[in-house]
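Single-letter residue listing:
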Amino acid sequence: MADDKANRGALVVVEGLDRAGKSSQCELLYRSLLDMNYKTKYIRFPDRSTPIGKQIDSYLRGQSQLDDHSIHLLFSANRWEVAQSIHDDINKGITVIVDRYSFSGAVYTAAKGNPNLSLHWAWQPEVGLPRPDLCLFLSISPEEAAKRGGYGVERYETDSMQTRVRNLFLSLLDLPHNDEICVIDAGRSVAEVAQDILEPVLECMKNVDSIGPLKKLGPWSFIPIGDN
Ligand code: NYM
Ligand code: MG
């Protein structure tokens with residue numbers, strides 16, 4: 001049951017490849033927490049509703065061209081424009097579930113194969129954003145993903161790009177200082193995955209007050225300094 005004494009909410013991020021089931025799982029998690037009377041919000045990145053988000057949407061649909069650095073910074077700016085409200089919600093005791101966050105930001109850009117866009121470079125604009133208390137990585141094999149239907153028409157939805165994205169995600173999981181990351185086998189039924197997600201989220205929500213105030217992403221969080 002919800003504990004009215006809880007001082008702050010938890011920042012819970014769900015990451016993974018396209019077709020890993022992130023949005024369905026975020027929705028289910030959101031409903032479960034509401035059913036348990038927890039104050040909860042569900043947001044997603046990119047947030048295509050803001051002026052910056054509309055530029056991102058147009059780029060992803062192939063309706064506009066942008067320099068690789070520019071689109072990268074727009075994705076980050078799209079997070080910065082709600083950073084304060086995330087902070088405020090957490091302080092009000094609201095648990096915020098986030099569908100994609102800084103990992104996607106760094107990894108998708110670094111996967112483009114542009115030699116000027118290292119993982120290190122791509123991480124820099126994320127420094128200072130609210131740091132997730134828990135990051136759930138929905139892991140799915142390329143074979144399992146392929147069974148879930150073809151790619152859409154958006155940019156990045158190609159086999160070669162998704163393979164590079166997956167490898168970069170996996171390289172992040174191997175890093176030290178990534179205790180906040182929990183890998184979930186997303187190749188199973190929706191109900192099984194949902195059950196596996198709920199447990200660590202409830203555990204995290206129980207522990208956030210002992211963790212202290214919401215932290216910020218630092219240059220050393222998750223990502224090693226140096227070229228990728
Ligand atoms: N994406 C998403 C990025 O390249 N950088 C980012 O910072 C974020 C948040 O946008 N293929 C990419 C990953 C996806 C695409 O996201 C659209 P979604 O969740 O499929 O709507
Ligand atoms: Mg997608």
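The name an unreviewed UniProt entry gives the protein is Thymidylate kinase, with Talaromyces rugulosus as the organism. The record held by UniProt for the protein lists under Pathway (unreviewed entry) the comment "Pyrimidine metabolism; dTTP biosynthesis." Reading the Sequence similarities (unreviewed entry) entry of the UniProt record for the protein gives the comment "Belongs to the thymidylate kinase family."

What am I meant to see in unusual backbone geometry here?
Excluding glycine, residues mostly have negative phi values, and the peptide bonds linking residues are mostly trans. Residue phenylalanine 45 is joined to proline 46 through a cis peptide bond whose omega torsion reads -5°. Mapped onto the secondary structure, proline 46 falls in the loop between strand 2 (40-44) and helix 2 (51-60). Phi at asparagine 37 takes a positive value of approximately 70°, unusual for a residue other than glycine. Tracing the backbone shows asparagine 37 in the loop between helix 1 (22-35) and strand 2. You can call asparagine 37 exposed: its relative accessible area is 51%. The phi dihedral of arginine 100 falls on the positive side, at around 70°, and the residue is not glycine.

Before we go on, may I ask you to explain the pattern of salt bridges in this structure?
Pairs can form between side chains of opposite charge whenever their charged atoms are close. According to the stated counting rule, one finds 14 salt bridges in the structure shown. Its salt-bridge partner being glutamate 27, residue arginine 31 comes within 3.3 Å of it at the nearest N-O pair. Linking arginine 31 with glutamate 27, this pair stays in helix 1, spanning 4 residues, or about one helical turn. By relative accessible area, which is 44% here, arginine 31 ends up partly exposed. Residue lysine 92 is joined to aspartate 89 by a salt bridge in which the shortest nitrogen-to-oxygen separation is 3.7 Å. Of the residues examined, lysine 92 reaches a relative accessible area of 52% and is grouped as exposed. Where salt bridges share partners, they join Arg48, Asp57, Arg61 and Glu154 into one cluster.

How do you make sense of the packing of aromatic side chains when you look at a structure like this?
Centre-to-centre distance and the angle between the planes together describe a pair of aromatic rings. Tallied over the full model, the rule gives 5 aromatic pairs. If you follow arginine 155 out to its NZ or CZ, it ends over the ring of tyrosine 59, 3.8 Å from the centre.

What exactly am I supposed to notice about the sheet that holds strand 3 (residues 95-99) here?
Strand pairing within a sheet occurs via backbone hydrogen bonds; the two strands may be parallel or antiparallel. Taken in spatial order, the 5 strands line up as 2-3-1-4-5 in an open sheet, and their pairing is parallel. The open sheet is flanked by strand 2 and strand 5 (181-185), the only strands paired with a single partner. Recorded for the sheet is a direction-independent mean angle of 20° between the axes of neighbouring strands. One ladder, built from 5 bridges, connects strand 4 (residues 134-139) with strand 5; its direction is parallel. Within strand 5, the residue paired with cysteine 135 across the bridge is isoleucine 181. Of the strands in this sheet, strand 1 (11-16), strand 3, strand 4 and strand 5 touch helix 8 (residues 190-211), which is tilted by about 170° from strand 4.

What exactly am I supposed to notice about the nonpolar core here?
Across soluble globular proteins, nonpolar side chains have a tendency to be buried as a group. Leu11, Tyr101, Val165 and Phe169 are the most contacted members of the largest nonpolar core, which has 40 residues in total. Counting only elements with at least two residues in this core, the list comes to strand 1, helix 2, helix 3 (68-91), strand 3, helix 4 (102-110), helix 5 (119-123), strand 4 and helix 7 (159-173). Among the elements that make up this core, the one with the highest residue count is helix 3 (7 residues). Apart from residues lying up to four places away in sequence, phenylalanine 169 is in contact with Glu15, Gly16, Leu17, Phe103, Ser104, Val107, Tyr108 and Phe137. Listed in part, the 23 residues of the second largest apolar core include Val14, Cys26, Leu136 and Cys204.

Rules and cut-offs
- As a convention, each chain's residues are numbered from 1 in the sequence order in which they are written.
- For this description, chains carry letters from A and ligands carry numbers from 1, given in the order in which they are written.
- Local features in this predicted model are restricted to residues whose pLDDT is 70 or higher, and side-chain atom pairs enter the listing and the counts only when it is 80 or higher, whereas totals over whole chains, interfaces and linings include all residues.
- Derived side-chain values reflect all non-hydrogen atoms in the structure, with water molecules and hydrogen atoms excluded from consideration.
- UniProt positions are given in the numbering used here, feature names are shortened, and annotations may be inferred rather than shown by experiment.
- A helix here means a DSSP run of H or I that spans at least four residues, while a strand means a run of E at least two residues long, and both kinds are numbered starting from the N terminus.
- Using a 1.4 Å probe on the protein chains alone, a residue whose accessible area is under 20% of its type maximum counts as buried, one over 50% counts as exposed, and one in between counts as partly exposed.
- Definition used for salt bridges: Asp or Glu carboxyl oxygen within 4 Å of a side-chain nitrogen of Lys or Arg.
- In summary, the pairing rule links any two rings of Phe, Tyr or Trp, Trp by its six-membered ring, whose centres are within 6.5 Å, and it sorts them by plane angle into stacked for under 30 degrees, edge-to-face for over 60 and tilted for everything else.
- Lysine and arginine charges are scored as sitting over a ring when NZ or CZ, respectively, is within 6 Å of the ring centre and within 35 degrees of the ring normal.
- If DSSP finds at least two bridges between two strands, the strands pair.
- Lines fitted to C-alpha atoms define the axes, with helix axes restricted to the stretch in contact, and inter-axis angles between N-to-C directions lie between 0 and 180 degrees.
- Note on definitions: a residue-residue contact is assigned when non-hydrogen atoms from the two residues lie within 4.5 Å.
- Among buried residues, those of type Ala, Val, Leu, Ile, Met, Phe, Trp, Tyr and Cys that are joined through side-chain atoms within 4.5 Å constitute a nonpolar core.

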